Amino acid sequence: MKSVMIVYNHGITEEVNEALERLGIRGYTKFLNVHGQGSEKGEPHLGTHIWPSQNAVVITVVKDELVDRLLEKVKEINKEAEEQGIHAFVWNIEKMV
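I will try to describe carefully the structure that is included in this document. (Residues numbered from 1 in each chain as written. Predicted model: local features only at pLDDT ≥ 70, side-chain atom pairs only at ≥ 80, totals over all residues. Heavy atoms only, no water.)

1. A closer look at a negative patch on the surface
- Together, Glu14, Glu15, Glu76 and Glu80 give the surface a local cluster of negative charge.
- Elements with a minimum of two residues in the negative patch: helix H1 (13-22) and helix H2 (64-80).
- Structurally, Glu14 is set in helix H1. (Patch = residues over 30% accessible without salt bridge, like charges linked within 9 Å, V, L, I, M, F, W, Y side chains within 5 Å. Areas by Shrake-Rupley, 256 points an atom, 1.4 Å probe, with all protein chains shown as cover. Salt bridge = Lys/Arg side-chain N within 4 Å of Asp/Glu carboxyl O. Lys, Arg positive; Asp, Glu negative; His and termini not counted. Charge placed at Lys NZ, Arg CZ, Asp CG, Glu CD. Helix = DSSP H or I, 4+ residues; strand = E, 2+ residues; numbered from the N terminus.)

2. Notes on H2
- Spanning 17 residues, H2 covers 26 Å between terminal C-alpha atoms, matching the ideal 24 Å at 1.5 Å per step.
- Where H2 is buried, its residues contact strand S1 (2-9), H1, strand S3 (55-62) and strand S4 (86-92). (Expected span 1.5 Å × (residues − 1). Contact = heavy atoms within 4.5 Å.)

3. What to know about H1
- Within the span of H1, buried status applies to Val16, Ala19 and Leu20. In an axial view of H1, the angular spread of the buried residues amounts to 95 degrees, which keeps them on one side of the axis. Across H1 from its buried face, at more than 90 degrees, point the exposed residues Glu14, Glu21 and Arg22.
- In this fold, the buried residues of H1 make contact with S1, S3, H2 and S4.
- One or two positions beyond H1, positive phi appears at Gly24, with a value near 75 degrees. (Buried < 20%, exposed > 50% of the residue type's maximum accessible area, 1.4 Å probe, protein only. Arc of directions from axis to C-beta.)

4. Digging into the nonpolar core
- Ranked by internal contacts, the top residues of the largest apolar core, which has 19 residues, are Ile6, Tyr8, Val16, Ile25, Leu70 and Ile86.
- Elements with a contribution of two residues or more to this core: S1, H1, S3 and H2.
- It is H2 that contributes the most residues to this core, five residues altogether.
- Those residues in contact with Leu70 that lie beyond four places of it in its chain are Val4, Ile6, Leu20, Leu23, Ile25 and Thr60. (Core = buried A, V, L, I, M, F, W, Y, C linked by side-chain atoms within 4.5 Å.)

Right under this line is the structure:
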């Protein structure tokens, strides 16, 4: 099992939700109104008057064979909405209760 954390601009929430649905990923946790800034050229997303945009985060645990398909969906979303910003991070799940 792997955990996939997707961090994205609120503006592409619909696209992220659709990707999860199309892959049959039902179990996830979503964090809204997340603040941050890209490490290279990303604008700050701070929810303030000066930097009003915000991010969201989805964390899901999926079978190993689903990871690459999910990452491909993230790449597709990024291609269409590169200015919005989306990244995915994957790590191993050793145990789950």
